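For reference, the chains in residue letters:
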Amino acid sequence: MTSDTEARTEEPTANDETIDASFDFSLASGVSGRYFKVAVGFLGIGLLLFLILAAKRVAPEFLGGIAFLSYGRLVPAATTLLLYGWLTIGLLGALFYMVPRAARSDIEDPALAQAGLGLLAVAYLGGAGAVLAGFTEGRRYLESPLVFDLVALVGLLLVARSISRVAKKATAASPVVWYAVASVIWLVLTHVAGNLPGFSGYTSQIQAAFYRSSLTGLWIASAAIAVVYYAIPKLAGRPALRGTRLSVLGIWSLGFVWALTGPAELTFGAAGDWLETIGVIFSIVLFLPLVVIVTDLIHGMRGAWANVHDRTSLRFLMAGTAMLGLYAVFTLLHALRASAAVVGFTDWVAALETLLLVGPFTFILIGLLRTAAPDVFGGPPRSGRAGYSLAALGLVATIGAMAIAGLQTGFTWAGAANSAEFANTGEGWVSTAGPLAGNYVVQLAGLVIVAVGLVLAVLGAIRSGSESLAADAIPEAAPDPELVLDVPPPLSKVRRYAYGFFALAALVVFLLPALESADPTLFADTNRQGSLAATGRTVYVQEGCAYCHSQQVRPIVTDVGLGPVSVLGDYANETPVLVGVQRYGPDLMHLGGRESDADAIQAHLQAPRETRSWSIMPDYDYLSTDDVAALAAYLVGEE
Amino acid sequence: MEQFLRDLESSLGVPAELLERAAEARAEAAGSSAENVVRSWAGVDAAPAAAPDPSPVAPVPQQVVAPIEAASAPVTPPAAAAPVVAAGAPQEILSDLESSLGVPAELLERAAEARAEAAGSSAENVVRSWAGVDAAPAAAPAPTQPASAPAAPDPAAPTAAAPAPAAPAPVAESGGPGVEVLESEPIAEVEAAEDVVVEPGGVLAGFPGWLSAALLAIPILALSYVLIAPNGPGCGSSGQLAIDAETGLAENCDGTEYGVDATSFFTIGADIYTGAGKCAGCHGDDGGGGTGPAFAGGAVLVTFPTGSCADHIAWVEIGTDDWPEATYGANNTPVGGASASMPGFGELSPEDLAAVVIYERVAFGGQSLADAEADCGTAELEIAGG
């Protein structure tokens, strides 16, 4: 092994290096290395917060009484760190590593790329800090205050410019370059569309749903697929995969479909039925691009699998790719009405989010970190076998536990409503919360194992070891002649299509439904400016109550007993809209109709476990008495 | 250079653009200029047409085609090179070929093995045939073959590299380590060459069969969802309930309050109404009438409007025979007029009487359940199990 490494330093054996002997990618390697290191830093902090969250579900008093470590503030901080700090910066670093190599041209403006990195790091760190300090815009994944959104926008524009300038030099039909160019365009557009001001009420919920699907599919998934297209052939010592007709079909169907799955999370919501149906349809069609892309990869890699020496990197990449399918399955079951009636607002949502943050995309990114290690970190990665096994095992345990918890909760609610016991509210909640205690322990244990595995794998990539990445050079397989492109699409066409698909999705699942939902006749008054309840609402947003309590009654058996079914008018003029994500605690839409005693609610907020021993709500004794009183007034006045 | 390209285009049938890119790639590999490459091609002019049958040490134009074989060719993972050939292949022939072609015997051996597997023959036969025809090895891998052959083995199998027809030609012609040449220039040239050979078919042409099926099935599945439930499933499916227009509460699809359906006045009334010997016999299951007058479409509320539920109950309880007056109802309908006599249902309890009347008023009269219950004074009654 050692001699192997030594030999390799003199005479690179990996195929790309042979091809690119005359090219020098030191600038790109330097830039991507910095991106990776910053991203890894974010991963570390993000995982720590993510673990604290899981621990707080098991032991609500853990690190209790500290304002900035309260559950509702940690949630947005952890997602900001992992989703933006780790995945976005990491995948941008991946693009800076891959695109110059695919285009056979080093980047020309490393200063621009590094300025972008600086701005993004400031924006994401600042955003996470702001929500911890209680400054939040309150919409999931869009919590950062406006000033940080603007800093991030400037950073993204610099990065996008830098990447497209290199990509323009590509001459070959390379899926890596296509996905890179398209995904960077989509990233900027998504950021703008999601943060566009001027939307209120349920309309802003539709905007946020579009943003989330677009960010996931058009940016994160597209960039991750670029990584897979690049890293797997490279590990096998093959030249870059050339685009075939399958690749073209893959990228365009992905670009067309994924953003349109946005309304899937609005099932049974207040928006039009047609919108929810669109979400369902495209959650089904989402399997099409995934099948095509995987087929294309397998086709392109015919005969080269045995050549992959670094099995750990390959495992990370393959497991990540396979988990894309799992992600699509979870999305579909969350969208289909029949299953959404069961899994909606349950731990199923947590499973989806966990997959997003530490699932397929994280695995794929780590696969690339290891593949790129010799160029970026100065040596081949250490054997990451243990890291991979732990991460995969832990993830199976966590996701499995969350899925089971979701089904269990959903059936409990529906069954209890059928027997008129209403386990979805008040004292009845004990039948929901009780059985989950053990499940949360499994989730915590699983996440600890995931975190250890990921940290081991990442450290193994950064601190060079003796793992051999060297693959025997192996020529490209002859592509199936019928799959060969007549004429590969030029990059200008890729760009046009990227804009076009984004505009189409934005029109169909964002702007049109926004217009429909903004009917002024639906506006209720609810102008409670300056009132105690208005102050209470501010506290509700600041403390992130919406991450554990929904404010949406759906027209299904599960929600019987929660009061009138939610309509658009219920959310009119609200900014941010507090529909919620998940019910770790009961729905609060019409709490006042069930519990009118504000003093009792205030007492419950300050010491939840004195009134209900099974509650997992944080103690809000760190808030001023006035704030808690205002919060209670807001909750009672919700009716 | 443009002139040469156009000449080549017409004589080869390959688009000039592709030729140019092939030339550039070749030039880059050879450290020459693209123009020189094109000139050298044009100098031989007719040669490319003979490409499928070149000698191993063919002139430059053969390059246009050769990389196809190269692309699928000779470097198999060491593990995949099974020793079977060595046992069966006549070493003399191989060494003869080695000296005459200048190709290492080992490569020939592996090429023969791969070719044999693709052709279903034995490696020995392949080697013999090469020796017999002498120049044949180069001709053997016709341009179409490498493309079609790899379809046979399982794409995921690690040994899939082996069966690709390995051609000695590219190794020989480059005179150096074949792999390097192949790697440095495959992209443009293979494309150019493929374009000579391939006439792409429809959109799905060349896709694996199962993939084409999946590509059709997935949208059809999605489409059928739209056709079956254009605006989502109706009330009653997927756990969906109806919504009361006034209160906004979720309710049963028949408009009754959710959770108390088994014991509501409405459902009890419905059971009684349709029971044997009761109302439905004369007034119809759907209230459309029969021997007795019709209730449907609000008719029942014309006779007993809102506020006169007590009269309605009394009429059902007493019937025509013992009715104390000549007319009944708000519109003074004559007793025993157009219709036959109605029996009294005094045997029913006050709760049941109220229930059946509520059912008639809600289901056929169109009164809301809440109004009917208030009207009929159910607050003072207690139904079984309620």
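The rules behind these values
Residues numbered from 1 in each chain as written. Chains lettered and ligands numbered in written order. Predicted model: local features only at pLDDT ≥ 70, side-chain atom pairs only at ≥ 80, totals over all residues. Heavy atoms only, no water. Helix = DSSP H or I, 4+ residues; strand = E, 2+ residues; numbered from the N terminus. Contact = heavy atoms within 4.5 Å. Areas by Shrake-Rupley, 256 points an atom, 1.4 Å probe, with all protein chains shown as cover. Phe/Tyr/Trp six-rings, centres within 6.5 Å; stacked < 30°, edge-to-face > 60°. Buried < 20%, exposed > 50% of the residue type's maximum accessible area, 1.4 Å probe, protein only. Salt bridge = Lys/Arg side-chain N within 4 Å of Asp/Glu carboxyl O. Polar contact = N/O pair within 3.5 Å; in protein donor to acceptor, adjacent residues only side chain to side chain. Core = buried A, V, L, I, M, F, W, Y, C linked by side-chain atoms within 4.5 Å. Disulfide = S-S within 2.5 Å.

Moving on, we come to the overall build of chain B. Of regular secondary structure, chain B possesses 20 helices and four strands. Here the contacts in chain B between residues at least 6 apart in sequence split such that 59% fall between residues at least 24 apart. Accessible area for chain B stands at about 17900 Å²; split by element, carbon and sulfur atoms hold 57% of it.

Mapped onto the fold, Glu543(A) is located in the loop between α19 (532–542) and α20 (591–594). Apart from residues no more than four positions distant in its own chain, Glu543(A) is found in contact with Ser70(A), Gly72(A), Arg73(A), Tyr620(A), Tyr622(A) and Leu623(A).

Locating Ser213(A) in the fold gives a position in helix α8 (residues 202–235). Ignoring sequence-local partners within four residues, the contact set of Ser213(A) consists of Leu218(A), Trp258(A), Ala259(A), Thr261(A) and Gly262(A).

What follows concerns the packing of aromatic side chains. The tally for this structure, following the rule as stated, stands at 33 aromatic pairs over all chains. When the centroid spacing of 6.5 Å and the interplanar angle of 55° are considered together, the rings of Tyr273(B) and Phe295(B) count as tilted. In this pair, Tyr273(B) is assigned in helix α15 (residues 265–274) and Phe295(B) in the loop between α16 (280–283) and α17 (299–303), connecting sequence segments 22 residues apart. When sorted by exposure, Tyr273(B) lands in the same class as Phe295(B), which is buried. Among the aromatic residues, those joined into a ring-pair cluster are Trp252(A), Phe256(A), Phe282(A), Tyr497(A) and Phe501(A).

Our next topic: the pattern of salt bridges. Residue and element names in this part refer to chain A. The tally for this structure, following the rule as stated, stands at 17 salt bridges over all chains. Where aspartate 375 meets arginine 101, a salt bridge forms, and the shortest distance between an N and an O atom there is 3.6 Å. Here the residue aspartate 375 occupies a position in helix α15 (residues 360–376), and arginine 101 occupies one in helix α4 (residues 71–103), the gap between them amounting to 274 residues. Its relative accessible area of 7% is what places arginine 101 among the buried residues. Between lysine 169 and glutamate 108 there is a salt bridge whose closest N-O contact spans 2.3 Å. Of this pair, lysine 169 sits in the loop between α6 (146–167) and α7 (175–195) while glutamate 108 is found in the loop between α4 and α5 (110–132), placing the two residues 61 residues apart along the sequence. For lysine 169, a relative accessible area of 33% puts it in the partly exposed group.

Glancing now at the environment of Arg609(A). All names here are of chain A. Note on placement: arginine 609 falls in helix α22 (residues 608–611). A sequence separation of 549 residues divides arginine 609 from proline 60, and the C-alpha atoms of the two residues are 9.5 Å apart. When sequence neighbours within four positions are dropped, the list of residues in contact with arginine 609 reads Pro60, Glu61, Ser615, Ile616, Met617, Pro618 and Asp619. One polar contact links the side chain of arginine 609 to the main-chain carbonyl oxygen of methionine 617, over a distance of 2.9 Å.

A few words on the environment of Leu355(A). Residues and elements named next belong to chain A. Mapped onto the fold, leucine 355 is located in helix α14 (residues 347–358). Its relative accessible area of 0% is what places leucine 355 among the buried residues. In sequence terms leucine 355 and isoleucine 399 are 44 residues apart; their C-alpha atoms lie 7.5 Å from each other. Every residue in contact with leucine 355, bar those within four places of it in the chain, is listed here: Met323, Leu326, Tyr327, Phe330, Pro360 and Ile399.

What follows concerns the nonpolar core. One finds Trp86(A), Leu92(A), Leu95(A), Met98(A) and Trp219(A) to be the most contacted residues of the largest nonpolar core, which totals 202 residues. With residues up to four places along the chain from it excluded, the contact list for Trp219(A) reads Thr88(A), Leu91(A), Leu92(A), Leu95(A), Ser183(A), Val184(A), Leu187(A) and Ser214(A). Within the second largest apolar cluster, 28 residues are counted, among which are Val300(B), Ala355(B), Ile358(B) and Ala372(B).

Quick look at the state of the cysteines now. This structure, assessed with the given rule, holds one disulfide over all chains. In this model, Cys309(B) is linked to Cys376(B) through a disulfide, with the two sulfur atoms separated by 1.9 Å. An S-S torsion of about 100° defines the bridge between Cys309(B) and Cys376(B) as right-handed. Of this pair, Cys309(B) sits in helix α18 (residues 309–318) while Cys376(B) sits in the segment after α20 (369–375), and the two are 67 residues apart along the sequence. The same class applies to Cys309(B) as to Cys376(B), namely buried. Distance from the sulfur of Cys548(A), which forms no disulfide, to the nearest cysteine sulfur (Cys545(A)) is 8.4 Å. Residue classification places Cys548(A) among the buried positions, given a relative accessible area of 17%. Distance from the sulfur of Cys282(B), which forms no disulfide, to the nearest cysteine sulfur (Cys279(B)) is 8.9 Å. A relative accessible area of 33% places Cys282(B) in the partly exposed class.

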